[in-house]
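Read off the chains here:
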Amino acid sequence: MLKIFCIANQKGGVGKTTTTVNLAAGLARVGQRVLVVDLDPQGNATMGSGIDKRRMALSVYDVLLESAAVAEAVQRSEHGGYDVLGANRELAGAEVELVALDRRNERLREALAVTAADYDFVLIDCPPSLSLLTLNGLCSAHGVIVPMQCEYFALEGLTDLVNTIKQVHANLNRDLQVIGLLRVMFDPRITLQQQVSDQLKGHFGDKVFSAVIPRNVRLAEAPSYGQPGVVFDPSSKGAQAYVEFARELVERVKTM
Ligand code: ADP
Ligand code: MG
């Protein structure tokens, strides 16, 4: 059964895109058919998958405006081993155009439904906001994966996101749930990070994934080569952690 997950956190720079492309590559490695949907006009997930956002004939923009089907607009990340529905600056315009259109929250969901048999997982890389684009993501998804750094204000930011997810669940998408919280850019030598990590586990219990993604420079270098870190340097600590996370997610999905 297809599972559609948003990778969301309203903060920027917390590792959403890194998580999206590396989880996609990790899932592909363990035999899953994966589609990445880039919902951020910055197009980082697109570029980080080796697809040039400036040379796309069709993108997620065309899908949202219903001038193309998902199957027509996807491209293959050859290195990553997954498909990508790409994004570029054009997508920022969709936000404005969608406001005036009917079914504006449901367009991505409807487009993905047509292609449901082609994939095991769809991973939606959300922009750092709670905008109409993010809403389209949340309305399409079975669940949300929240990457987070174990910093002082992390828990506070989480409350806003969890409230938004509750509202979407109540009003727009009864399927939506928090799948789990993923600790990223983790440095166990920093006492504060350990403390916040313990707080997280105390608060959210087994919603906190066991896999922990360390701070690892290879993950940060990989996008400039148009590759997920999992492919760029499979033996690095960061790559191994993301493959471990992919395995954990496959197991967790079985119990959903
Ligand atoms: P977001 O999509 O939430 O804005 P990104 O995934 O783009 O965040 O990550 C922000 C920055 O942090 C990027 O430069 C990325 O390469 C870097 N980064 C993300 N995860 C890690 C990690 N585990 N170790 C080192 N650098 C990371
Ligand atoms: Mg991003």
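The structure under discussion appears in the preceding block.
These lines cover the structure that appears in this document, whether it is placed above or below.

Here is what the cut-offs are and how they apply
- Residues numbered from 1 in each chain as written.
- Chains lettered and ligands numbered in written order.
- Predicted model: local features only at pLDDT ≥ 70, side-chain atom pairs only at ≥ 80, totals over all residues.
- Heavy atoms only, no water.
- Helix = DSSP H or I, 4+ residues; strand = E, 2+ residues; numbered from the N terminus.
- Buried < 20%, exposed > 50% of the residue type's maximum accessible area, 1.4 Å probe, protein only.
- Contact = heavy atoms within 4.5 Å.
- Phe/Tyr/Trp six-rings, centres within 6.5 Å; stacked < 30°, edge-to-face > 60°.
- Near = heavy atom within 4 Å.
- Polar contact = N/O pair within 3.5 Å; in protein donor to acceptor, adjacent residues only side chain to side chain.
- 1 Å grid on protein atoms, 1.4 Å probe; cavity = no way out; pocket = protein on both sides within 12 Å on 5 of 7 lines; lining within 4 Å.
- Sits in = over half its atoms within 2 Å of the grid points.
- Nonpolar A, V, L, I, M, F, W, Y, C, P; charged D, E, K, R; others polar.
- Pairing = 2+ DSSP bridges.
- Axes fitted to C-alpha atoms, helices over the stretch in contact; angles between N-to-C directions.

**Describing the environment of serine 197**
When you line up the elements, serine 197 lands in helix H9 (residues 191-204). By relative accessible area, serine 197 is classed as buried at 2%. Once you skip the residues sitting within four places of it in the chain, serine 197 turns out to touch Cys150, Arg183 and Phe186.

**Details of the packing of aromatic side chains**
Within a pair of aromatic rings, the relevant descriptors are the distance that separates the centres and the angle that separates the planes. All told, the structure shown has four aromatic pairs when counted by the stated rule. Between the aromatic rings of phenylalanine 5 and phenylalanine 121, the centroid separation amounts to 6.1 Å while the plane-to-plane angle is 50 degrees, which identifies the pairing as tilted. With phenylalanine 5 in strand E1 (residues 3-7) and phenylalanine 121 in strand E5 (residues 121-125), this pair connects stretches of sequence that are 116 residues apart. Exposure remark for phenylalanine 5: the relative accessible area of 0% places this residue in the buried category. On the accessibility criterion, phenylalanine 121 (3% relative accessible area) is buried. For the ring pair tyrosine 225 and phenylalanine 232, a centre distance of 4.6 Å and an interplane angle of 25 degrees mean the geometry is stacked.

**Focus: the site of ligand 1**
With respect to spatial proximity, 14 residues lie near ligand 1, and among them Gly13, Lys16, Thr17, Thr18 and Asn216 are the closest. Between lysine 16 and ligand 1, the recorded distance is 2.9 Å, taken from a side-chain N or O atom to an oxygen atom. At 2.6 Å from an oxygen atom of ligand 1 is found a side-chain nitrogen or oxygen belonging to threonine 18. The pocket occupied by ligand 1, as judged from atoms lying within 2 Å of grid points, is the largest pocket. Elements that contribute at least two residues to the shell around ligand 1 include exactly helix H1 (16-29), strand E8 (208-214) and helix H10 (217-221). Broken down by element, the shell around ligand 1 gets its largest block of residues, three residues, from H1. A breakdown of the residues in the shell around ligand 1 according to their chemical character gives six nonpolar, six polar and two charged.

**Here we look at the sheet that holds strand E6 (residues 143-148)**
Overall, mixed pairing links the eight strands, which are arranged E3-E4-E2-E5-E1-E6-E7-E8 in an open sheet. Each edge of the open sheet is held by one strand with a lone partner, namely strand E3 (75-77) and E8. Neighbour-to-neighbour, the strand axes of the sheet open up by a mean angle of 25 degrees, direction not taken into account. As defined by bridge partners, strand E2 (residues 34-38) adjoins E5 across five bridges and the pair is classed as parallel. By the bridge assignment for E5, leucine 35 is matched with valine 122. Relative to E1, helix H7 (residues 132-140) is tilted by about 150 degrees, and along the sheet it contacts E1, E5 and E6.

Just distances and angles here, no functional claims.
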